[in-house]
Every structure is written in C-alpha cells, then in structure tokens.
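Secondary and tertiary structure notes
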Amino acid sequence: MLAGRTLSVLATCLIPTALTLAVIHATGSATDLGLVLACELVPQLVLLPIGGVLADRLPPQRVAFAADMVRGLVQLVIGLELLIGTVDILHLSVLSVITGAAVAIGTPTVSPLVTAVVPPEARLRANSHLGTARGIALVAGPGIVGVMVVTIGVGWSFVLTAALFILAAATLGGLRVTRHERPAGHSTFMTDLAEGWQVVRAHRWFWTNLIGHGISNLTAGVLMTLGPLIALRELGGDASWVITYQCGMVGMLLGAYLAPRLPIPRPLVATSLGGAVFALPLLTFAVPAPTAVNAAAYFVAMLGLGVLNTVWQTVMQQRFEPHTLARADSYDALLSFAARPLGLALAAPVAATTGNAAVLVVAAVLVGGSSLGLLALREVRTMGFVTAKEPVRKPVPEAAEEH
C-alpha cells in the first residue's frame, strides 16, 4: 500500500511541471497554459464528492486502480503525441479534463485503503509514512521533471510518468484488505451523495476544522504568490525564496516523521496549533524580515502542517465509520483544492491596491484566529485518539453528544 501510494503521488507531482513544459513546447502561450491547468482543476472541484461516494460504495482498491490506470493512459497519450509532434491545445485540454476527473475519483480512496490494510493502533505511523512520502514527492517532483526533460525530452517524461501510474495501479492487486460491510438495506447513488453532506454537517468538530483547513489553504495561496515577489524585489532575488521554500519542505517532512513519535494526548488541539503557526511566515514576509528569519518561520509553519496532516487523517480514520470515511474525506480535499487557487488568484490584485503587508497581516490574522478559535469547542479540547482496545464509537450529531 505504501509503495503504490508513493508511486501514485510522485507521478501526480510530476504532472504540473511536465504539463507546463508541454504547453510551452506546443504554443508558448500563457493563456493556453491557464486554460489547460483550469481544465484539470475544475473537474476535481466538481467530482470530488462523487469520488467519495464511489470509494464508499465500491472496494477502494478497485476505484484507486481505475484512477491510476486512467491517469497513466492519459499521460502516455500526451507523451506519444509530443514525441510524434501532433499535440495541440485542444487535445491537452481534453486530456487534462480526464486527468482531473481521475484525480477526483482517486483522492478519496487513500483513507479507506489505510483503514482496510492497517490495524487501528498502527494508523498514525502509516499516515506518517504516507505524509513523508508525499513530502519527498513534492520536493523532488519538479527536479525530477527537469532532469528528465533535459536528458530524454518532455515527451519521454510523460511516458515515464505513465509508467509510474501503471506500476502504482499494479501494487493494488497485492493488497489483502479488510472488507467493511455497508449497512443493510438498499441505497441509491444519489442517496449516498446526500448522506455524505449530512455526515459532514452532523459533526461540529469536523466541519469547523474543514473551515479552518480551507482558510489555511487560502492563506498558503497568498504566501505562494506574494512571498516570491517580495523575495525577488526586497530580499536579494530568487535565492531568498528558494532557501525559504526548501526549509519549509524540510519542516513538512520532519513534521510528518515526528507526528507518531510525539506525545499527543489531544490530537485536535495539536492540529489547531499546527494550523495556527502558519501565521508566522505571513507576518515575517509582511515586515519583510531577513531571509534567515523567513526561512525559520516557514520551517516552523510547515513542520506544524506536517504534524497536522498526519494527525488529522488518523483522527478521521478512527472517528468515522468505514462506509462514510471516503465521503467525509472528499469534502476535506474539496476545500483544500478550491481554497489555495483562490488565494493564488486574489493575492496579487488585492495587494496592488492595499499593499503586500496589509494582505499578509490579514491572512495571518485569519489563519491564526480560525485555528486557535477551534479550541473553544469542547470536543476539540477533549477528543483523544482511539486506542487499540477501544472500539470506534458510532458518530452521532454533536447536539446529541452535548446532552
């Protein structure tokens, strides 16, 4: 499971850079690049809840297999068109739509795969391994694409990406999974889709954290837009941002690695604090502080994110019944996928009117306030991990719990 999901996430991380280079080779137009990237993003936003339903209704390894195979075949087609010289923007746009749909279908399968393969007491460590692998893929992905493009060309880089997806799909055939039974009775696809939203609404600790995660991703988009601009104009150039960004990636890897090794009696308190520290680099760039200070702040922020992601996934896997887990996870991913591009799009136009510092300070207040505000909820302050001997209690609406 770990090997297959690592290959899948690495291949996924290769696509944006490779796709950008493919468009540059095809037309070199920034408008065409925006169109192709949008064609991949929009299906993800529309279809993620549907992917959650599929992963809850069907064995998740089958859904993940289909998603990986589709993405592999799409990358293979793009690679062959580039090698032959027949690629155009219409083809890339259509293939990007298919890729985005496959991402939406495959993303909600990860948590159900963990619960189907890993016993409850080992899930925090399993999520740590997955988070570490994802962090390595995020760091290494652009560099790997760059090396492949220089050595073998952009077309062959797509072919190798396709091979990674196909290998990832092949690993799923060797999984021995625990079969999670669905409740007795017949339900339609649309009924399950509606039930997914009801599951989210029924659990206050969950949907309030989703809002916090959305704000965190929004502010991350702001930093990803304004941070490089400030580094280039005021802090000595590209090297300042590269140093800061790489320190953050190291922090995220370390956070994912440390999460199962830290004493965390109250996991949702830890995730709230992990989200709040993202205010630090927003404030240091607002000054702007020297590169060393920015790098240290971003390191701490991403370390907190690494802990947050690992612990949060474990809490979800313990607190939701298996037949609703993928649908809950799909809404978490939906907010993340939607909020960061929004931050990327809004940061520069707003900063042009108000100034960089004002936008960054407001973003810091938003992410710090929303994350720490979660501590006002009793269930956030008191919820612990489910131990190996403690059965997962069937979730009930928060209103009932308060009585």
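Note that this is a predicted model, so its numbers are computed, not measured.

Notes on the packing of aromatic side chains
The final tally for this structure, using the stated rule, is 10 aromatic pairs. Ring plane angle 70 degrees and centroid distance 5.7 Å describe the contact between Trp-205 and Phe-206, whose orientation is recorded as edge-to-face. A ring pair is formed by Trp-205 and Trp-312, whose centres lie 5.8 Å apart and whose planes are at 65 degrees; its orientation type is edge-to-face. Placement of the pair is Trp-205 in helix H9 (residues 204-234) and Trp-312 in helix H13 (residues 291-319), with a sequence separation of 107 residues. Assessed through its relative accessible area of 4%, Trp-205 is described here as buried. Here the aromatic cluster, defined as three or more aromatic residues joined through ring pairs, consists of Trp-241, Tyr-245, Phe-278, Phe-285 and Tyr-298. Stacked on the ring of Tyr-257, the Lys or Arg Arg-261 has its end atom at 3.8 Å from the ring centre.

Describing the packing of helix H8 (residues 189-201) against helix H14 (residues 322-354)
Contact geometry for H8 and H14: axes closest at 9 Å, N-to-C directions at 70 degrees. By the angle between their axes, H8 is roughly perpendicular relative to H14. Read as a crossing pair, H8 and H14 show a hand that is right-handed. Of the residues in H14, those touching H8 at Asp-192, Leu-193, Glu-195, Gly-196, Trp-197, Val-199 and Val-200 are Thr-324, Arg-327 and Tyr-331. Here the residues of the contact of H8 with H14 sort into 5 nonpolar, 2 polar and 3 charged.

Observations concerning the pattern of salt bridges
Evaluation of the coordinates by the stated rule reveals 7 salt bridges. Salt-bridge contacts for Asp-192 lead to Arg-57; the nearest nitrogen and oxygen are separated by 2.7 Å. In this pair, Asp-192 is assigned in helix H8 and Arg-57 in helix H2 (residues 30-57), connecting sequence segments 135 residues apart. Asp-192 sits in the buried class, given a relative accessible area of 3%. Residue classification places Arg-57 among the partly exposed residues on the basis of a relative accessible area of 31%.

Concerning the nonpolar core
Core analysis: the biggest nonpolar cluster contains 26 residues, and Val-222, Leu-226, Phe-278, Leu-282, Phe-285, Met-302 and Leu-360 have the highest contact counts within it. Elements with a contribution of two residues or more to this core: H9, helix H10 (238-258), helix H12 (279-286), H13, H14 and helix H15 (356-373). A total of 6 residues in this core trace back to one element, the largest contributor, which is H9. Not counting residues within four places of it along the chain, the set of residues in contact with Leu-360 comprises Val-222, Leu-226, Ile-230, Leu-282, Phe-285 and Ala-286. With 25 residues, the next largest nonpolar core counts Leu-19, Ile-89, Leu-92 and Val-154 among its residues.

Quick word on the state of the cysteines
Working definition: the covalent bond between the sulfur atoms of two cysteines is a disulfide. In total, this model carries 0 disulfides according to the counting rule given. Free of any disulfide, Cys-13 has its nearest cysteine sulfur in Cys-247, 20 Å distant.

Brief notes about the environment of Leu-45
Within the secondary structure, Leu-45 sits in helix H2. Counting along the chain gives 55 residues from Leu-45 to Gly-100, while the straight-line C-alpha distance between them is 8.8 Å. Setting aside its immediate chain neighbours within four residues, Leu-45 contacts Leu-334, Phe-337 and Ala-338.

Notes on the confidence of the model for the protein chain
Averaged over all residues, the pLDDT of the protein chain is 87; the fraction at 70 or higher stands at 94%. For the stretch residues 389-403, pLDDT sits under 50, and the model shows 24 contacts to residues farther than four places along the chain or on other chains.

Things to note about the environment of Val-36
Inspection of the secondary structure puts Val-36 in helix H2. Sequence separation between Val-36 and Ile-89 is 53 residues, and the spatial gap between their C-alpha atoms is 7.4 Å. Sequence-distant contacts of Val-36, that is, excluding residues within four places in its chain, are made with Leu-19, Val-23, Ile-89, Leu-92, Ser-93 and Ser-96.

Some points on a nonpolar patch on the surface
A cluster of nonpolar residues, Leu-80, Leu-83, Ile-84, Ile-152, Trp-156 and Leu-160, forms a patch on the protein surface that exposes about 570 Å² of accessible area. Mapped onto the nonpolar patch, the elements with two or more residues apiece are helix H3 (60-84) and helix H7 (154-171). If you tally residues by element for the nonpolar patch, the top one is H3, at 3 residues. Structurally, Leu-80 can be placed in helix H3. Taking the relative accessible area as the measure of exposure, Leu-80 reaches 42% and is therefore partly exposed.

Points about the packing of H2 against helix H4 (residues 89-106)
For any two helices packed against each other, the geometry comes down to the angle between their axes and how far apart the axes lie. Across the interface, H2 lies against H4 with an axial gap of 6 Å and an inter-helix angle of 25 degrees. As summarised for this structure, H2 and H4 are arranged roughly parallel, according to the angle between their axes. In this structure, H2 meets H4 at a crossing whose hand is right-handed. Together, Asp-32, Leu-35, Val-36, Cys-39, Glu-40, Pro-43, Gln-44, Leu-47, Leu-48, Gly-51 and Leu-54 of H2 and Ile-89, Leu-92, Ser-93, Ser-96, Val-97, Thr-99, Gly-100, Ala-101, Val-103, Ala-104 and Ile-105 of H4 make up the contact between the two elements.

Calculation notes
Residues numbered from 1 in each chain as written. Predicted model: local features only at pLDDT ≥ 70, side-chain atom pairs only at ≥ 80, totals over all residues. Heavy atoms only, no water. Phe/Tyr/Trp six-rings, centres within 6.5 Å; stacked < 30°, edge-to-face > 60°. Helix = DSSP H or I, 4+ residues; strand = E, 2+ residues; numbered from the N terminus. Buried < 20%, exposed > 50% of the residue type's maximum accessible area, 1.4 Å probe, protein only. Lys NZ or Arg CZ within 6 Å of the ring centre and 35° of its normal. Axes fitted to C-alpha atoms, helices over the stretch in contact; angles between N-to-C directions. Parallel < 35°, antiparallel > 145°, perpendicular 65-115°, else oblique. Left-handed = near helix turned anticlockwise from the far one by under 90°. Contact = heavy atoms within 4.5 Å. Nonpolar A, V, L, I, M, F, W, Y, C, P; charged D, E, K, R; others polar. Salt bridge = Lys/Arg side-chain N within 4 Å of Asp/Glu carboxyl O. Core = buried A, V, L, I, M, F, W, Y, C linked by side-chain atoms within 4.5 Å. Disulfide = S-S within 2.5 Å. pLDDT = per-residue confidence, 0-100. Patch = residues over 30% accessible without salt bridge, like charges linked within 9 Å, V, L, I, M, F, W, Y side chains within 5 Å. Areas by Shrake-Rupley, 256 points an atom, 1.4 Å probe, with all protein chains shown as cover.

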